[in-house]
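# Working through the structure, step by step
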Amino acid sequence: QVQLVESGGGLVQAGGSLRLSCAASGRTFRNYAMGWFRQAPGKEREFVAANRWSGGETYYADSVKGRFTISRGNARNTLYLQMNSLNSEDTAVYYCAAGSGYGTSWHLDGGMDYWGKGTLVTVSS
């Protein structure tokens, strides 16, 4: 059974940093695309960052480019999101996801097959 479990969320002041982790189990994700999405209160879930080919190809949403960094652990079954210079607009539940990595929309919501339950990030101003 495939499981994605996020951790590392919490309360942080604006300008601060957090590192989210996602532990994947149930299969080998080495060749899978993995990504982070978020859903703010009252808004739809949106793409944050994703990578495929063992992390060799990476995409970021414009809103986080230069502030967030996605990376994989050595075993490629762990995904990280380093978040710096956080602001109130980053407040959301953050979800880890994994998919086959094929197709032009591999990094988007519809390209993901597995989802975690999310971890809450709250940025206070």
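Here is a short report on the structure shown in this document. (Residues numbered from 1 in each chain as written. Predicted model: local features only at pLDDT ≥ 70, side-chain atom pairs only at ≥ 80, totals over all residues. Heavy atoms only, no water.)

## A word on the overall build of the chain
Cut-off, in case you're wondering: In DSSP terms, a helix is any run of H or I states spanning at least four residues, a strand is any run of E spanning at least two, and both are numbered starting from the N terminus. This radius of gyration counts C-alpha atoms alone. The globule rule is 2.2 Å times how many residues there are, raised to the power 0.38. Buried, partly exposed and exposed residues are distinguished by accessible area as a fraction of the type maximum, computed with a 1.4 Å probe on protein chains only: under 20%, between the cut-offs, and over 50%, respectively. The contact criterion used throughout is that any non-hydrogen atoms of two residues lie within 4.5 Å. Computed with a 1.4 Å probe, the accessible areas rest on the Shrake-Rupley method; for each residue, only the protein chains presented here act as cover. In this charge count, Lys and Arg are treated as positive and Asp and Glu as negative; neither His nor the chain ends contribute. Charged groups are reduced to one reference atom each: NZ for lysine, CZ for arginine, CG for aspartic acid, CD for glutamic acid.
In terms of helices and strands, the chain carries zero helices and eleven strands. Computed over C-alpha atoms, the radius of gyration of the chain comes to 13 Å, within 12% of the 14 Å expected from 2.2 N^0.38 for 125 residues, which places it in the range of a compact globule. Projected onto its principal axes, the C-alpha coordinates of the chain cover approximately 40 × 25 × 25 Å. Sorting the 125 residues of the chain into buried and exposed places 44% on the buried side. Look at the contacts in the chain between residues 6 or more apart in sequence, and 60% of them connect residues 24 or more apart. Counting every atom, the chain has about 6,400 Å² of accessible surface; 45% of that belongs to carbon and sulfur. Across the chain, the centroid of the 12 positively charged side chains sits 9 Å from that of the 9 negatively charged ones.

## Some thoughts on unusual backbone geometry
Glycine aside, the phi torsion of most residues is negative, and most peptide linkages are trans. The phi torsion at Ser-85 lies on the positive side, around 50 degrees, for a residue other than glycine. Here Ser-85 lies in the loop between β8 (78–83) and β9 (92–99).

## Looking at the side chain of Arg-38
Put simply, the rule reads: As used in this structure description, the phrase polar contact means that two N or O atoms lie within 3.5 Å; if the pair is within protein, one of them must be able to donate a hydrogen and the other to accept it, and residues adjacent in sequence are counted only when both atoms belong to side chains.
Take Arg-38: it is sitting in strand β4 (residues 33–39). Residue Arg-38 is classed as buried on the basis of its relative accessible area, which comes to 4%. A distance of 2.9 Å separates a polar atom in the side chain of Arg-38 from a polar atom in the side chain of Asp-90. Beyond its immediate stretch of four places on either side in the chain, Arg-38 contacts Glu-44, Arg-45, Glu-46, Val-48, Ser-63, Val-64, Phe-68, Glu-89, Asp-90, Ala-92, Val-93 and Tyr-94.

## Remarks on the sheet that holds strand β3 (residues 18–25)
As a reminder, the rule being used: Note: two strands are recorded as paired if DSSP finds a minimum of 2 bridges between them. Angles here are taken between N-to-C directions and fall from 0 to 180 degrees, while the axes themselves are lines fitted to C-alpha atoms, restricted in helices to the stretch in contact.
If you trace the four strands from one edge of the open sheet to the other, you get β1-β3-β8-β7, paired in antiparallel fashion. Two strands bound the open sheet, and with one partner strand each, they are β1 (3–7) and β7 (68–72). On average, each strand axis in the sheet is inclined to that of its neighbour by 15 degrees, with strand direction left out of account. Sheet topology note: the β3/β8 ladder contains six bridges and is antiparallel. Considered in β8, the bridge of Leu-18 is made with Met-83.

## Considering the nonpolar core
Note the threshold: Here the nonpolar core consists of buried residues drawn from Ala, Val, Leu, Ile, Met, Phe, Trp, Tyr and Cys, with membership extended through side-chain atoms lying within 4.5 Å.
One finds Met-34, Trp-36, Leu-81, Met-83 and Tyr-94 to be the most contacted residues of the largest nonpolar core, which totals 34 residues. Broken down by secondary-structure element, the contributors of at least two residues to this core are β3, β4, β5 (46–52), β7, β8, β9 and β11 (119–124). A total of five residues in this core trace back to one element, the largest contributor, which is β9. If we skip the residues at most four places from it in the chain, Tyr-94 touches Glu-6, Leu-20, Trp-36, Phe-37, Arg-38, Val-48, Phe-68, Leu-81, Met-83, Gly-118, Thr-119 and Val-121.

The analysis is restricted to geometry; functional conclusions fall outside its scope.
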